[in-house]
Every structure is written in C-alpha cells, then in structure tokens.
Amino acid sequence: MDIENALHHYANKFIVQESTSEYNKIYEMCDRNNQNWRTAFPTSAATPTVGTPVPSPTEPGVDAYDGGEDSFETNNQVEGVDEADIAKSDGVHVFAAYGDILYVWNAIDGTSGVSITKMPYNDTANENCESSSGWRWPTSSPTLSPKPTSSSRPTFMVTPFPTTPPPTEGPPTFSPAPSSKRTPFPTDGRFSCPATRSRKLQRHRRKTWSHCQQPKPRILSLLLDEDRLTAIVAEDRNWWDYSGDSEDVISDYTKLTVRVYDTSTVPTDRSPLRLLGEKEIKGDYNTARSVGSTGYVITTSQIKTHLLNQDLYRSQPQYCGLNSSEYEVLASEIARNATTHFMERMVNELQLQLDDNACESIFQVRAFQAGDNDEDKTNGDLLQQFVSVLKFDMDSLPGDISIDAAPAEIAVDVAGAFSSGYLNSVYASQKLITTQNVGSSYNSSSGTWDDSTFILGFHMSGETPQPFAYAEVPGTPLNQYSIDYFDGHLRVVTTELEVWTEADEWTSRPTNKIFVLKVPDPSDNGGREMELVGESAHLGKPNESVFAVRFMGAHAYIVTFERIDPFLIYDLSDPTKPEELGELEIPGFSNYLHPVNIDGVSMMLGLGEHVDPRTQCRVGVKISLFNISDLENPTESATFVDEGAYSSVGYDFKSFRYLPLSKKLIFPRSKYK
C-alpha cells in the first residue's frame, strides 16, 4: 500500500496545483461546442498527450615479494572493502577492461602471452527497427556517387533517400567511384597530415551503414577475489527504447549484465577466460564493491511519475467547463482508477514481487515522511527513482565446468528504496552500505528550494541486504569521502548553498557542516531514522566551500577554499560536540587527501592545485605533505608545484597510488603546451 499511497499523494498534489492555477477561471468558461474557444484566452503550459495517474488516501596492507615492493591493490576508501575499477591485479596477473574486451597478462612478464575475452555482442542490424511509437527508420540509406570535377581528387554528392524500396534485400551499401584504380590523394599540401589521410581512407573503405546497429557493450568495472573475476557490462539501448515515446514507466538507459570468470587458469594464447555465470540486472550502473567473495552492485532506475499527470492537466477536454471543485472530483476519480495499473506496471518492470518477504528488502515509502514537520517538502513526488543494492557470491559458482558449457545463472539478492533526486555517492563498510541521494526540499520560511541529502542505510551482514535506517541532512556531500562510519555513528560533511536576492541581484553563500548521526541497531524491526546527535559550526571562512574530506578514526581532515586553502582538523571523539582542533592556511587547495606514515610520523598527502594568491589564477598541480602528528598545529612539511599541469585525481581517486615502502607517489598528469 505504501507505493500506491505515494502515487495517490503525487497525483493529489498535481490536481491541487492545477485547480488553483491562475488559468483555472479560463477553463471554467470552456465551451464544449466551440472548438475555437481557446483563441480568445491565454493558454496554459504545454501539456503532454498520453497516460494516466493517481490520488492520495489517507592505509591498505603491503605484501612483499622477492622482486621488491609489491603494490597492486585498488586505492580503496575503507580497508577490507574493494572498490570496482577498470583495472585489477592479484600480483600475478593484470586484468584490464578496454571497451568490450577484457585483457589479461602476466604482471611480471608482459611478453609471456595474453588472454583476450570479448563480451558477447549481437552485431545484426534489425531490419524492422522501430520506436515504441511506431516510427520506423527508412529501409535504405543515402548512397554516394561520384560528382564530375576537374580535380584529380574524387568528390561525392549525396543522393536523397529513394521513394521506392531497393531492388535487393540486405543492408544498404555505398557505391564506389567507377574507377579501375584508386585515385591518389593530392600531394599539393591540401591533405599533408598523415592522420587526416588515414581518416579519409577509413571513410572510403566503409562498406555498409545501418541505422539500427546495436552499440557495442562496454565493461564498466571489475571486481576481483582470488580466482574469481567479475565484469559488470553495459549495453546501451537504442535511443528509441528510452525516448519520450516509450510507454515504459521505468527508464533504464542501459542493459546491465554481471559476468563471473574463472582466473585459476589464465590462457596465454589469446583465448578467453572461462565464463562461470552471468545475470542480467535492472537499472543503470552507479558503483560496485566487494568484501571477500561477496559482490555488491548499486544501480538506479528512474520512475516516470510524470506519466500520471497526462490525463490530469486542466486543459484536457474532459474538464472543459468544470469549476475547480468539479475538476478535482473528476480528476481524482481518473487518477484513482489509474494508480493500480501504473503501480503494477512499475513493479513488474522493477522485477519486484510485493509479497511479505520481498517487502522486507524494500524501504517503506512512508519513511521519507518522517520528522517533526508534517509539511510535504518533496512536492508530492516520493518515487522519482529506485535505488537497488544487489548482492551475489562469486564463490557460489562451480569452477569445474568446461569452457564450452553454458554459464550458470548467478543467484542474487536485491534490496532497494524509492527516493527523490539523484544518487550522489555510495559509502560502504564491511557491514553497512549507505546511499546518499540529493533532492530539493522546500523551505517555507525563506520560500526557496534547498538541497537536502536523503541517506539510506542497508545492513550487509545477513544473507540478503536489509534496509534498516534512513536520515535527511541539509546540503550536498562532495563525494564518497564525505561520509564515514565509526563507532556506531555516521559522519557526513555537506555544503548547503543559501541563495537570496539583494538589490534585485541573486546572491549566494555556502555553509559547510559536519553532521553526526547515530545509527540504530539493525536487529530492530522496520526502518528507523538515524538520530542527529551532533552538528558542527560552519567549516572554514565565509564563502568557502569544501574541496576535500578524509576521516581517520575519531578525526576529520577537511579542505575548504575560496582564496586560500584552510586545512582543518576536527575532533569527533565526542559525537555530540564536533570541535575544531587545528587549522593551517596555505595558497591553493587540495581536492584529495591520503593518509601516510613516513618514518613513524603521521602525515597527510594532499593533491590539488596551486593558486596565485595575488591574481587568484590557478597555476598548476600542487602536492602538499602535511604533518599531522600535532593535531592542534598542523604544518606543511613539503610542497611541489607543477606549473601548467593538470591531474584527474580530484575526481578519479583510483588513479592515485602511494607506495609506502619506497615512499613513491604515482598519479596521472596532463600538461598543455
């Protein structure tokens, strides 16, 4: 009933909005017998044309080997929780995803051979491809024919689509120039660039072209545990499958497949790995984690609740001439009849079975109405997206099947929740996964829409993921490092942007805070709200925003920036009283922090950008080494600035690597000349 009630609630909000519209009086004067009655009046916003809707009732370890330092793990946020990446290694082999191909080679000797595994791909063009609205591609494509010219280089003109079907079946072809031999490209300098010549030749060599060709699959990420490798593969759906013409109420832009391979024996003759099992799953991929052999995949599916509005718009002909009360009665009846059908379609597409057992793995929608304030801050839309947490065991698949045998179906368990907004980040420990969904909340005191973060907590220790806790905090987290679980509390750093008008001009000011939430006992029945037990004052100086966060035990290390870089250290040993311990101001900023230990001294590596304090121009990559042994007096022990350089570490944290034994830092660097 929660889903149905939420849909009713959404439809009711829309009906009230329509019945109180400034154009309501106009539609009351509608004349059913005069089709041109609208021409004398302004029209409302454009209205869609389809569908129906609803009302509302009531630091990692280091192993050594004979060759020296061995560092091959992924740069993970939490020890013991492996994060998915496009490249993995077990110290013996390197596993790398490139497009739709998985390459494996020896980590020590790259010349000893390679295994090449190509993802399954249906390259057959669909001759009858069409959109869900019935629109079809033309049965032929334009052909190229030579155009007379005095130049020695052939040029081409486009022939329009023929009005009659082609005489032969099969894919259309390009007509080659009628010449017994290829006319060479001119050597007068017009195409002197080798790359340009290569691209021209490639275009001439194309033989076929299909409107309906299915895009190749892409390996999005890999998980590795001992002799099991998991590849998460996406296949983009043809655009007409998820365009506005689609009748589906769930919008998944990709088809996701989880595939588990056996790596106990890796071929070196370019043959593929053995596929043990696979499973097609719902949703669009966000991230994945693994704890030992247990893998977790987090996906999102967008719910097209706007389809419920399509028969509720005040401008629909069935409401012609009705006053507000009459409109509300009729629209509510239409919405009530549509709710059940919409819900059944939605649940069916999500592949959920709403029995007693399944409901234990789904957050109750009413959880998002918790709190002391009964005001609806979601504008009625509680079901904008569905967030799924999928769990599977890589070791559960038999490893003694032949390479030609059909792969087994991977057994999965799924938990999920409906949510507003978008999935901002995912935090995972060995027992807890939280998803941070950012949406807008209406602030009645200021009359503005403010960003809020809705946190959903999933308990991962049992056989199946269990939703058990939720919370809402103001603002938006920077990334996954803005969240951390420690000693029964979830710590979250957000930035809230306050916007107001001043002298007819919009002005904004960020507010940065640490929120400390008490996580309830997962054994308690039903979802419970995480209690807010602590909250910091504004972090940094006025108008500064958060650029980097790192939690280490009872302390938080935070970088804020506007003109200088305050490096802040906060004490969270008392969850109810977050207190600032130390601060250091330096030029520039760090957007990634990494704890290190050098000769027994606790340090923090910061990688970001240097900023000229006079011009406020960004100069290049900056590496800072902060001494944090004295928490109240941090210092910058060393720094390096690479002028004109840029690094992707600020958003691609897995590209950062620090080797503790040799004290070497490795990261990607680009430089523009």
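Calculation criteria
Residues numbered from 1 in each chain as written. Predicted model: local features only at pLDDT ≥ 70, side-chain atom pairs only at ≥ 80, totals over all residues. Heavy atoms only, no water. Pairing = 2+ DSSP bridges. Helix = DSSP H or I, 4+ residues; strand = E, 2+ residues; numbered from the N terminus. Axes fitted to C-alpha atoms, helices over the stretch in contact; angles between N-to-C directions. Buried < 20%, exposed > 50% of the residue type's maximum accessible area, 1.4 Å probe, protein only. Contact = heavy atoms within 4.5 Å. Polar contact = N/O pair within 3.5 Å; in protein donor to acceptor, adjacent residues only side chain to side chain. Patch = residues over 30% accessible without salt bridge, like charges linked within 9 Å, V, L, I, M, F, W, Y side chains within 5 Å. Areas by Shrake-Rupley, 256 points an atom, 1.4 Å probe, with all protein chains shown as cover. Salt bridge = Lys/Arg side-chain N within 4 Å of Asp/Glu carboxyl O. Phe/Tyr/Trp six-rings, centres within 6.5 Å; stacked < 30°, edge-to-face > 60°. Disulfide = S-S within 2.5 Å. Core = buried A, V, L, I, M, F, W, Y, C linked by side-chain atoms within 4.5 Å. pLDDT = per-residue confidence, 0-100. Expected span 1.5 Å × (residues − 1). Bend = angle between axes of the 7 residues up to and from the residue.

**Some points on the sheet that holds strand β21 (residues 432–443)**
Spatially, β20-β21-β22-β23-β28 is the arrangement adopted by the five strands of the open sheet, whose pairing is mixed. Only two strands of the sheet have a single neighbouring strand rather than two, namely β20 (422–428) and β28 (528–529). As paired strands, β21 and strand β22 (residues 448–459) are joined by 12 bridges and run antiparallel to one another. Within the sheet, the bridge partner assigned to G439 lies in β22 and is S452.

**Observations concerning the sheet that holds strand β34 (residues 589–598)**
Read across the sheet, four strands follow the order β34-β35-β36-β37 without closing on themselves; strand pairing throughout is antiparallel. In this open sheet, the two edge strands, each paired with only one partner strand, are β34 and β37 (635–643). Going across the sheet, the axis of each strand differs from the next one's by a mean of 20 degrees, ignoring polarity. Of the strand pairs in this sheet, strand β36 (residues 618–627) and β37 are connected by eight bridges, and their pairing is antiparallel. Paired with V621 across the strands is D642, a residue of β37.

**A word on the environment of G582**
Secondary-structure assignment places G582 in strand β33 (residues 579–586). With a relative accessible area of 3%, G582 lands in the buried category. Sequence spacing of G582 and N633 is 51 residues, and the spatial spacing of their C-alpha atoms is 5.5 Å. In this structure G582 touches F567, L568, I569, L631, E632 and P634, once residues within four positions along its chain are discounted.

**Brief notes about the pairing of strand β5 (residues 93–98)**
A large share of β5 lies buried, amounting to five of its six residues. The pairing of strand β4 (residues 87–89) with β5 spans three bridges and is classified as antiparallel. Residue S89 lies in a different strand from β5, and its bridge partner there is V94. If you look at the hairpin formed by β4 and β5, you'll find three residues sitting between the two strands, and G91 has a positive phi there, around 90 degrees. When β5 meets strand β6 (residues 101–106), the two strands line up antiparallel, connected through six bridges. By the bridge assignment, A96 is partnered in β6 with Y103.

**What to know about the side chain of S115**
By the element assignment, S115 lies in strand β7 (residues 114–118). Reaching out from S115, the side chain makes a polar contact with the backbone oxygen of S271 at a distance of 2.8 Å. Contacts of S115, omitting those with residues within four sequence positions, involve L102, Y103, V104, V266, P267, R270, S271, P272 and L273.

**Here we look at a nonpolar patch on the surface**
There is a patch of nonpolar side chains on the surface, built from Y646, Y651 and Y672 and spanning about 410 Å² of accessible area. Tracing the chain through its elements places Y651 in the loop between β38 (645–646) and β39 (657–659).

**Details of unusual backbone geometry**
Backbone geometry at E226 places phi at a positive 50 degrees, although glycine is not the residue there. With respect to the secondary-structure elements, E226 resides in the loop between β10 (218–225) and β11 (228–236). On the basis of relative accessible area, E226 is assigned to the exposed category, the value being 64%.

**Observations concerning the packing of aromatic side chains**
For the structure on display, the rule yields 12 aromatic pairs. Taken together, a centroid distance of 4.8 Å and an interplanar angle of 85 degrees make the contact between Y319 and Y327 edge-to-face. You can call Y319 buried: its relative accessible area is 0%. Residue Y327 is classed as buried on the basis of its relative accessible area of 0%.

**Thoughts on the environment of S420**
Structurally, S420 can be placed in the loop between β19 (412–419) and β20. Considered as a pair, S420 and V438 are 18 residues apart in the sequence and their alpha carbons are 7.3 Å apart.

**So, the state of the cysteines**
What the rule picks out here adds up to one disulfide. The disulfide that involves C30 links it to C320, with 1.5 Å between the sulfurs. Of note, the bridge from C30 to C320 carries an S-S torsion of about -90 degrees and is left-handed in sense. One exposure class covers both C30 and C320, and it is buried.

**Side note on the nonpolar core**
When a protein is soluble and globular, its nonpolar side chains tend to lie buried together. Membership of the largest hydrophobic core comes to 31 residues, with the highest contact counts inside it found for I433, I455, F458, L490, V492, L517 and M530. With five residues, strand β23 (residues 466–474) is the single largest residue contributor to this core. With residues near it in sequence (within four places) discarded, M530 still touches I455, G457, A469, Y470, A471, L490, L517, K518, V519 and P520. L307, M346, L383 and F418 belong to the second largest nonpolar core, which has 19 residues in total.

**As for the confidence of the model for the protein chain**
Model confidence for the protein chain is summarised by a mean pLDDT of 78, while 73% of its residues fall at 70 or above. Confidence, read as mean pLDDT per element, is least for strand β1 (residues 63–65) in the protein chain (40) and greatest for strand β25 (residues 483–486) (97). When the criterion is pLDDT under 50, residues 40–66 qualifies, and its contacts beyond four places in sequence or with other chains add up to 77 contacts. Confidence drops under pLDDT 50 across residues 137–209; counting only partners more than four residues distant or on other chains, this segment forms 72 contacts.

**A word on helix α4 (residues 324–350)**
For an α-helix the count is 3.6 residues per turn, leaving residues at separations of three or four pointing the same way. Spanning 27 residues, α4 covers 36 Å between terminal C-alpha atoms, matching the ideal 39 Å at 1.5 Å per step. Along α4, the sharpest kink reaches roughly 30 degrees, centred on A338. If you check which residues of α4 are buried, you get Y327, A331, S332, A335, A338, T339, F342, M343, M346, V347, E349 and L350. At its buried positions, α4 is contacted by α1 (2–19), β12 (250–251), β16 (294–303), β17 (385–393) and β19. If you check the start of α4, you find a side-chain oxygen 3.2 Å away from the backbone N of S325, and it comes from N323.

**Points about the pattern of salt bridges**
In total, this model carries 20 salt bridges according to the counting rule given. When the shortest N-O distance is used, the salt bridge between D484 and R491 registers 2.6 Å. Put simply, D227, R228, D262 and R274 are held in one network by salt bridges that share partners.

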